[in-house]
Amino acid sequence: MDIHEYQAKELLSRYSVHIPRGGLAYSPEQATYRASEIGGDRWVVKAQIHSGARGKAGGVRICKSDSEVSEAAEYMLGRKLVTHQTGPRGKLVSRLYIEETVDIRQELYLGIVLDRKSERVMIVASASGGMEIEEIAEKQPDSIIRAIVDPGAGMQEFQAREIAFGLGLENSLIGKAADTLIGCYRVFRDFDAAMLEINPLVVTRDNNLIALDAKMSFDENALYRRPEISELRDKSQEDPRETFASDRGLSYVGLDGNIGCIINGAGLAMATMDMIKIAGGMPANFLDIGGGASPERVAKAFRAVLADDNVETILVNIFAGINRCDWVAEGVLKAIREVGVHVPLVVRLAGTNVEEGRRILADSGEKVIVAETLAEAAEKSVEAMRTFAERKH
Ligand code: GDP
Ligand code: MN
């Protein structure tokens, strides 16, 4: 689960990481009010969306007067910002964060992630901040420092200082940098974070270290023990298709294609998506309905897939081990009758009670395209999608 920049900064400030003074605003009036509270004659207006790279998309603006703050707020609020991290659908801006500006001498990069290989928390830092880590990795790979934290000991002062020296910071900054690194590590650890990124972490002209940006995401499996973090959830930033599905206990990931997938088993779902691509199509989603899916659950899966307007064909692919093909067939019919399926439907059933499942579909009199193998199912769904799309456009 992701949180907003201002929320991440609030957590960081509790661990004595320095952040600029700022305030939240939901309207242009509030934005100018926040600016006057902060004082000074320059402010940064920042769109709060769950994405980085807002700057390049018009979501970060430096303003020199009240009216500029108000104009920037007017421009951003209610807009769907499309950054290269949001996907083409973009993310709605409904909150702004107004901050004092900071005189930057140098931009650093700081990230904390879980390194799967070493099974440890890893600190990633670079003196070439400002650009994204992928770009740093490409252009300045030698500038990247990686350090593994021992989980028993936690981050130690000497390790933090070593990283600070590695960043080439001058002596007067080493102590501050070590405090910042240790603070960041503790926030990450104490709240079960999965990722923390401060880009840029800046060295100011008056020789301070300030977190100018902050991105944080959390391990959803640990949210039950972090009620304070779960309360920071902002559903408006999530893919509405995914929220709809997860609220119904379905494992769903939204994609940009038009062939909706209803599949049991994550492995089969991945393989089916590959087969759709090989057949020349694009999946609209990943969806694993799980084993032992009742007709009600299958109908729910149809609702989730059809909630996506892009869907022009549905492919149901079930290999029933724990599941039963007759249940799935009943679920398919339930969905056709209750939910209303207005797009072509391709069904491939295999495994337990397959004959019974096929018979139920055949006897129903409903229009279902039946396939025997996975490859055939993928080909037939791409074909059905093309015919449907041609007729529609
Ligand atoms: P992102 O584009 O979503 O990563 O948003 P950031 O918060 O990182 O802001 C983008 C860029 O705006 C930063 O990398 C800075 O270069 C610039 N920026 C943000 N705040 C300030 C500020 O107070 N002063 C100055 N000079 N630049 C700022
Ligand atoms: Mn940034």
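- The name an unreviewed UniProt entry gives the protein chain is Succinate--CoA ligase [ADP-forming] subunit beta, with Mycoplana dimorpha as the organism.
- The record in UniProt for the protein chain states the following under Sequence similarities (unreviewed entry): "Belongs to the succinate/malate CoA ligase beta subunit family."
- Taken directly from UniProt, the Subunit (unreviewed entry) text for the protein chain runs: "Heterotetramer of two alpha and two beta subunits."

## Some points on the site of ligand 1
So, step 1. By nearness alone, 16 residues border ligand 1, and Lys-46, Arg-54, Gly-55, Val-102 and Glu-107 come closest of all.
So, step 2. In the environment of ligand 1, an oxygen atom lies 2.5 Å from a nitrogen or oxygen atom belonging to the side chain of Lys-46.
So, step 3. In this structure, Val-102 approaches ligand 1 through a main-chain N or O atom, which is 2.9 Å from an oxygen atom.
So, step 4. Considered on its own, ligand 1 offers 570 Å² of accessible surface; in the complex 78% of this is hidden by protein.
So, step 5. Residue assignment for the shell around ligand 1 shows that the elements contributing at least two residues are strand S3 (43-47), strand S4 (60-63), strand S8 (104-115) and strand S11 (193-204).

## Structural notes on the coordination of the manganese ion (ligand 2)
So, step 1. Protein coordination at the manganese ion (ligand 2): the donors are Asn-199 (O) and Asp-213 (OD), at 2.1 to 2.2 Å from the metal. Highlighted residues: Asn-199 in strand S11 and Asp-213 in the loop between strand S12 (209-211) and strand S13 (215-218), separated in sequence by 14 residues. Comparing Asn-199 with Asp-213 shows no difference in burial state: the two are buried.

## Quick look at helix H9 (residues 266-278)
So, step 1. Taking 1.5 Å of rise per residue, 13 residues should cover 18 Å, and H9 covers 18 Å from first to last C-alpha, within 8% of that figure.
So, step 2. For H9, the set of buried residues is Leu-268, Ala-269, Thr-272, Met-273 and Ile-276. Buried residues of H9, viewed axially, fall in a sector of 140 degrees; they line one side. Seen from the open side of H9, the exposed residues pointing more than 90 degrees away from its buried face are Gly-267, Lys-277 and Ile-278.
So, step 3. Contacts made by the buried residues of H9 are with strand S15 (259-263), strand S16 (285-288), strand S17 (313-320) and helix H13 (374-392).
So, step 4. One or two positions beyond H9, positive phi appears at Gly-280, with a value near 95 degrees.

## Things to note about the pattern of salt bridges
Pairing between side chains of opposite charge can happen when their charged atoms approach one another.
So, step 1. Taken as a whole and judged by the stated rule, the model has 30 salt bridges.
So, step 2. One salt bridge in this structure joins Arg-34 and Glu-37, with 2.8 Å as the shortest N-O distance. With Arg-34 and Glu-37 both in helix H2 (residues 28-38) and three residues apart, the pair spans about one turn of that helix.
So, step 3. Residue class for Arg-34 comes out partly exposed when judged on its relative accessible area of 21%.
So, step 4. Looking at Glu-37, the relative accessible area reads 46%, which means it is partly exposed.
So, step 5. Each of Glu-5, Lys-9, Lys-46, Arg-54, Glu-99 and Asp-213 takes part in salt bridges that share partners, so that together they form one network.

## Some thoughts on the UniProt feature "binding site: Mg(2+)" (unreviewed entry) in the protein chain
So, step 1. Within the UniProt annotation, "binding site: Mg(2+)" (unreviewed entry) is assigned to Asn-199 and Asp-213.
So, step 2. Once you skip the residues sitting within four places of it in the chain, Asn-199 turns out to touch Leu-108, Tyr-109, Gly-129, Gly-130, Met-131, Glu-132 and Asp-213.
So, step 3. For Asp-213, the residues in contact, after removing those within four places along its chain, are Glu-5, Lys-9, Lys-46, Arg-54, Glu-197, Ile-198, Asn-199 and Pro-200.
So, step 4. At 3.1 Å, the side chain of Asp-213 forms a polar contact with the side chain of Arg-54.

About the criteria used
Residues numbered from 1 in each chain as written. Chains lettered and ligands numbered in written order. Predicted model: local features only at pLDDT ≥ 70, side-chain atom pairs only at ≥ 80, totals over all residues. Heavy atoms only, no water. UniProt positions renumbered as here; feature names shortened; annotations may be inferred. Near = heavy atom within 4 Å. Polar contact = N/O pair within 3.5 Å; in protein donor to acceptor, adjacent residues only side chain to side chain. Areas by Shrake-Rupley, 256 points an atom, 1.4 Å probe, with all protein chains shown as cover. Helix = DSSP H or I, 4+ residues; strand = E, 2+ residues; numbered from the N terminus. Donors = N, O, S within 2.8 Å, 3.2 Å for Na, K, Ca; no water. Buried < 20%, exposed > 50% of the residue type's maximum accessible area, 1.4 Å probe, protein only. Expected span 1.5 Å × (residues − 1). Arc of directions from axis to C-beta. Contact = heavy atoms within 4.5 Å. Salt bridge = Lys/Arg side-chain N within 4 Å of Asp/Glu carboxyl O.

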